[in-house]
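Here are the chains, one letter per residue:
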Amino acid sequence: MTQLRQSLVFGLLLNRALGFLKHGLSLSVVWWLATLPAQALVEMRVAVGDRLNQAVVGSSTPAVVKNGAGQGVGQIPQGRSVTVTPQGGGLKLADWQGQAFWVEPTGGGYIFINDKWYRGRVLVVPMEGKVTAVNWVDLEAYLYGVVGGEMPASWPQEALKAQAVAARSYALYRRDRTQGDLFDVGGTTAHQVYGGLAAEAPSVQAAVNATQGQVLTYGGRVIEAVFHSSSGGYTENSEDIWQRATPYLRAVADYDQEAPVFQWSETFSTQQVAQRITGIGRLTGVVTERATPQGRIASIRLQGTQGSRTMTGTEFRQALGLRSSLCSLTLAGDTLRVDGRGYGHGLGMSQWGARGLASRGQNYQQILAHYYQGTALSNLRVATTAKQDGPLLLDPNALRPGLAR
């Protein structure tokens, strides 16, 4: 655990503990808060570029360049960028060489990493002979780029608030389990989409600010608040997807009927199937061996001219690039037809369902209580510095830095 990720100031925690209990938090939640690593704020470590051949880094203000030990080695001029490349077992950043580099904008500036702008700062490190860029950013500022990356900014405010709380909970759940790792989350759907400044909008910032510090807890612990686009009418029990029971991830009726992915169909030639699923040859038969109570494929067997193969529903979905494993299959001649519903794994909050409930007048507390059964909405009052309230970059490309000479 680095010094930048140490526990909250103990005196502040003691002063606020009674306040937490007054608002319904159990002592175990307060203790969990005591173990949250932080400096003056809760920082997320987001891999915005993993194992790249090179990374381009710049800043909207003059940026300080530090080595891995935190010692200043130089500056990047305002509006300029530098290229980071692997060299030997370390990195080369402009004319500097080292094992790792920090690039920190001054004066509340924004950091440019490859083709996007972000709040916070960046740490670039070598990994497997390539470059990995990790955006260190205040949790609440991080959520500006997540909520806008996961939901359209035009959606009802209560749906955006529900997304903010779910994303904050998921981020802290991950952060609590990655202390020895280089980063907490990635910036894609493998964790949650992080779009940086380009994903921000006033409605998104309002949703994050209105729910600041609010997380979902179960048994006094922040939950793994997973979510997905659309369940296709009914969400899933965790044990039917993950093979482990999670008490707050229960199957519930969804309200996602207006989702454009509520129903869908795709067709594949048997040649396409053979290219994407190896070892079976031309497909001659397909059987769903086990399905969840909602009809999602749990196990499927494919028979071909060169053999058979059994796959999980998740593996089958990924191999064919399907929206979900809630589907039925029809093989006719050399064509496999897939008729399905929903988009995603079906666990936790359905984003289109949250939109549907918000449109029906439900507030974000009700939406979250529906999708995360038996959870409590808790307020972890983490000591943070004031959030950056700089202007939105409505056209981030307008500030694209030039290459430093």
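Residues numbered from 1 in each chain as written. Predicted model: local features only at pLDDT ≥ 70, side-chain atom pairs only at ≥ 80, totals over all residues. Heavy atoms only, no water.

## A word on the overall build of the protein chain
Summing up its helical and strand segments, the protein chain has 10 helices and 25 strands in all. Out of the 405 residues belonging to the protein chain, those deemed buried represent 50%. Expressed as a percentage of contacts within the protein chain between residues at least 6 apart in sequence, the contacts between residues at least 24 apart total 69%. Total accessible area computed for the protein chain in this model is approximately 17400 Å², and 48% of it derives from carbon and sulfur atoms. (Helix = DSSP H or I, 4+ residues; strand = E, 2+ residues; numbered from the N terminus. Buried < 20%, exposed > 50% of the residue type's maximum accessible area, 1.4 Å probe, protein only. Contact = heavy atoms within 4.5 Å. Areas by Shrake-Rupley, 256 points an atom, 1.4 Å probe, with all protein chains shown as cover.)

## Description of the sheet that holds strand β15 (residues 221-222)
Here we have 3 strands laid out as an open sheet, ordered β15-β14-β24, and antiparallel in their pairing. The sheet terminates laterally at β15 and β24 (376-379), the two strands that pair on one side only. As paired elements, strand β14 (residues 214-218) and β24 share 4 bridges and run antiparallel to each other. Counterpart to valine 215 in the pairing with β24 is serine 378. The strands touched by helix α4 (residues 157-175) are β14, β15 and β24; relative to β14, the strand with the most contacts, the crossing angle is about 65°. (Pairing = 2+ DSSP bridges. Axes fitted to C-alpha atoms, helices over the stretch in contact; angles between N-to-C directions.)

## Re α4
The terminal C-alpha atoms of α4, which comprises 19 residues, lie 27 Å apart, in line with the 27 Å expected from a rise of 1.5 Å per residue. Extensive coverage of α4 is indicated by the burial of 16 of its 19 residues. (Expected span 1.5 Å × (residues − 1).)

## What about the packing of aromatic side chains?
Here the structure, examined in full by the defined rule, presents 6 aromatic pairs. Summarising the aromatic geometry, the rings of tyrosine 118 and tyrosine 194 are spaced 5.3 Å apart at their centres and angled 40° between planes, so their arrangement reads as tilted. You can see tyrosine 118 sitting in strand β10 (residues 116-118) and its partner tyrosine 194 sitting in the loop between β13 (185-186) and α5 (202-210), a full 76 residues away along the chain. The pair formed by tyrosine 118 and tyrosine 194 is uniform in burial state, with each residue classed as buried. Feature note: the residues Tyr118, Tyr142 and Tyr194 constitute an aromatic cluster, connected by ring pairs. The ring centre of tyrosine 173 lies 3.7 Å from the NZ or CZ of arginine 177, which sits over that ring. (Phe/Tyr/Trp six-rings, centres within 6.5 Å; stacked < 30°, edge-to-face > 60°. Lys NZ or Arg CZ within 6 Å of the ring centre and 35° of its normal.)

## Examining the confidence of the model for the protein chain
Averaged over every residue, the pLDDT of the protein chain is 86; residues scoring 70 or more account for 84%. Counted against residues more than four places away or in other chains, residues 1-40, with its pLDDT under 50, gives 74 contacts. Note on residues 383-400: pLDDT under 50 across the span, and 38 contacts to partners over four residues away in sequence or across chains. (pLDDT = per-residue confidence, 0-100.)

## Quick notes on unusual backbone geometry
At arginine 51, a position not held by glycine, the phi torsion is positive, near 55°. Note on placement: arginine 51 falls in strand β1 (residues 43-52). A positive phi angle, close to 55°, is found at glutamate 128, a residue other than glycine. Secondary-structure assignment places glutamate 128 in the loop between β11 (121-127) and β12 (130-138).

## Brief notes about the packing of α4 against helix α9 (residues 351-359)
At a closest axis distance of 8 Å, the pairing of α4 and α9 adopts a crossing angle of 140°. When the interaxial angle is binned, α4 and α9 end up oblique. At the point where α4 passes α9, the crossing takes the right-handed sense. For the pair formed by α4 and α9, the contact residues are Glu158, Ala159 and Gln163 on the first element and Gln351, Ala354, Arg355 and Ala358 on the second. Residues belonging to the contact of α4 with α9 are distributed by class as follows: 3 nonpolar, 2 polar and 2 charged. (Parallel < 35°, antiparallel > 145°, perpendicular 65-115°, else oblique. Left-handed = near helix turned anticlockwise from the far one by under 90°. Nonpolar A, V, L, I, M, F, W, Y, C, P; charged D, E, K, R; others polar.)

## Points about helix α8 (residues 313-320)
Among the residues of α8, those classed as buried are Gly313, Phe316 and Leu320. Down the axis of α8, the buried side of the element spans an arc of 65°, and every buried residue falls inside it. As for α8, its buried residues are in contact with β17 (264-269), α7 (270-276), β19 (297-304), β20 (307-312), β21 (327-332) and β22 (335-340). Downstream of α8 by a residue or two, glycine 321 has a phi angle that is positive, lying close to 70°. (Arc of directions from axis to C-beta.)

## A closer look at the environment of serine 238
Counting through the fold element by element, serine 238 comes out in helix α6 (residues 238-241). Sequence-wise, serine 238 and leucine 347 are 109 residues apart; in three dimensions their C-alpha atoms are separated by 6.5 Å. Beyond its immediate chain neighbours, meaning those up to four positions away, serine 238 contacts Gln243, Arg244, Ala245, Thr246, Leu249, Arg250 and Leu347. Here threonine 246 takes part through its backbone nitrogen, which lies 2.6 Å from a polar atom of the side chain of serine 238. (Polar contact = N/O pair within 3.5 Å; in protein donor to acceptor, adjacent residues only side chain to side chain.)

## A look at the pairing of strand β18 (residues 283-291)
By the bridge criterion, 7 bridges tie β18 to β19 in an arrangement that is antiparallel. When the sheet's bridge partners are listed, threonine 288 is paired in β19 with isoleucine 300. Counted between consecutive antiparallel strands, the loop separating β18 from β19 contains 5 residues, among which glycine 295 sits at a positive phi close to 100°.

## Focus on the sheet that holds β11
Spatial strand order, β4-β3-β8-β11-β12-β1-β13: 7 strands in an open sheet with mixed pairing. Two strands in the sheet have a free side with no partner beyond their single neighbour: β4 (72-76) and β13. Where β11 lies against β12, 7 bridges are found, and the strand directions are antiparallel. In the strand pairing of β12, valine 125 is matched with threonine 132.

## Let's talk about the nonpolar core
In terms of nonpolar packing, the biggest core is built from 73 residues, with Val124, Tyr142, Met349 and Tyr372 touching the most fellow members. Ranked by residues supplied to this core, first place goes to α4 with 10 residues. Grouped together as the second largest cluster of nonpolar side chains are 18 residues, Trp264, Ile280, Leu329 and Leu336 included. (Core = buried A, V, L, I, M, F, W, Y, C linked by side-chain atoms within 4.5 Å.)

## Brief notes about the pattern of salt bridges
Throughout the structure, instances matching the rule amount to 19 salt bridges. Glutamate 140 is the salt-bridge partner of arginine 168, the closest N and O atoms lying 2.9 Å from each other. Here glutamate 140 lies in helix α3 (residues 139-150) and arginine 168 lies in helix α4, a separation of 28 residues in the sequence. Judged by its relative accessible area of 1%, arginine 168 is buried. In this structure, arginine 323 engages glutamate 266 in a salt bridge whose closest nitrogen and oxygen atoms are separated by 3.4 Å. (Salt bridge = Lys/Arg side-chain N within 4 Å of Asp/Glu carboxyl O.)

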